[in-house]
Amino acid sequence: MRKVINLEDLDCPVCAQKIEDKLKKMPEINEVSVSFITQKIILDVNEEVNFNSLIKNIKKAVKSVEPDCEVID
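Residues numbered from 1 in each chain as written. Predicted model: local features only at pLDDT ≥ 70, side-chain atom pairs only at ≥ 80, totals over all residues. Heavy atoms only, no water.

Here we take up the overall build of the protein. A count of helices and strands for the protein gives two helices and four strands. Shown N-terminal to C-terminal, the secondary structure of the protein runs as helices and strands in the order β-α-β-β-α-β. Its C-alpha atoms give the protein a radius of gyration of 11 Å, near enough to 11 Å, the size a compact globule of 73 residues would have. Per-residue burial for the protein yields a buried fraction of 34% across its 73 residues. Just so you have it, the protein exposes about 4500 Å², and 48% of that area is on carbon and sulfur atoms. A gap of 3 Å separates the mean positions of the 11 positive and 14 negative side-chain charges of the protein. (Helix = DSSP H or I, 4+ residues; strand = E, 2+ residues; numbered from the N terminus. Rg over C-alpha atoms; globule rule 2.2 N^0.38 Å. Buried < 20%, exposed > 50% of the residue type's maximum accessible area, 1.4 Å probe, protein only. Areas by Shrake-Rupley, 256 points an atom, 1.4 Å probe, with all protein chains shown as cover. Lys, Arg positive; Asp, Glu negative; His and termini not counted. Charge placed at Lys NZ, Arg CZ, Asp CG, Glu CD.)

Printed below as a string of structure tokens:
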């Protein structure tokens, strides 16, 4: 299942790469791409994933790298 999550105030491409690297380590995510230019996270996850729980974990990961960045779900 493909999902797109919007970001707000992602400051630099290096931070986008750090967020992507952190999200790649999450077992429920098959593939992930974080774009600084479009301010989006593009995910491929399994159908049976609890998306609300996943969003909470994504928000924590984003905040740990870029405290001013907001995940818009």
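The structure having been displayed, the exposition proceeds.
With the rule as written, the count across this model stands at zero aromatic pairs. Directly above the aromatic system of Phe51 lies the positively charged group of Lys3, at a separation of 4.8 Å from the ring centroid. (Phe/Tyr/Trp six-rings, centres within 6.5 Å; stacked < 30°, edge-to-face > 60°. Lys NZ or Arg CZ within 6 Å of the ring centre and 35° of its normal.)

Attention now moves to the side chain of Glu20. Among the structural elements, Glu20 can be located in helix α1 (residues 13-24). Sequence-distant contacts of Glu20, defined by excluding residues within four places in its chain, comprise Val32, Ser33 and Val34. (Contact = heavy atoms within 4.5 Å.)

Among the nonpolar cores identified, the biggest contains 22 residues, and Leu23, Val34, Ile41, Leu43 and Ile58 are the most heavily contacted of them. Residue assignment for this core shows that the elements contributing at least two residues are β1 (2-8), α1, β2 (29-35), β3 (40-45) and α2 (51-65). Ranked by residue count, the leading element in this core is α2, at five residues. (Core = buried A, V, L, I, M, F, W, Y, C linked by side-chain atoms within 4.5 Å.)

The next thing to look at is the sheet that holds β1. Spatially, four strands are ordered β2-β3-β1-β4 in an open sheet, and the strand pairing comes out antiparallel. With one partner strand each, in any of the chains shown, β2 and β4 (70-72) form the two edges of the open sheet. Averaged over all pairs of adjacent strands, the angle between strand axes in this sheet comes to 25°, irrespective of strand direction. Relative to β3, β1 runs antiparallel, the two being bridged by five bridges. The residue of β3 that forms the bridge with Asn6 is Lys40. Along the sheet, α1 makes contact with β2 and β3, crossing β2 at roughly 175°. Packed on one face of the sheet, α2 meets β1, β2, β3 and β4 and runs near 135° to β3. (Pairing = 2+ DSSP bridges. Axes fitted to C-alpha atoms, helices over the stretch in contact; angles between N-to-C directions.)

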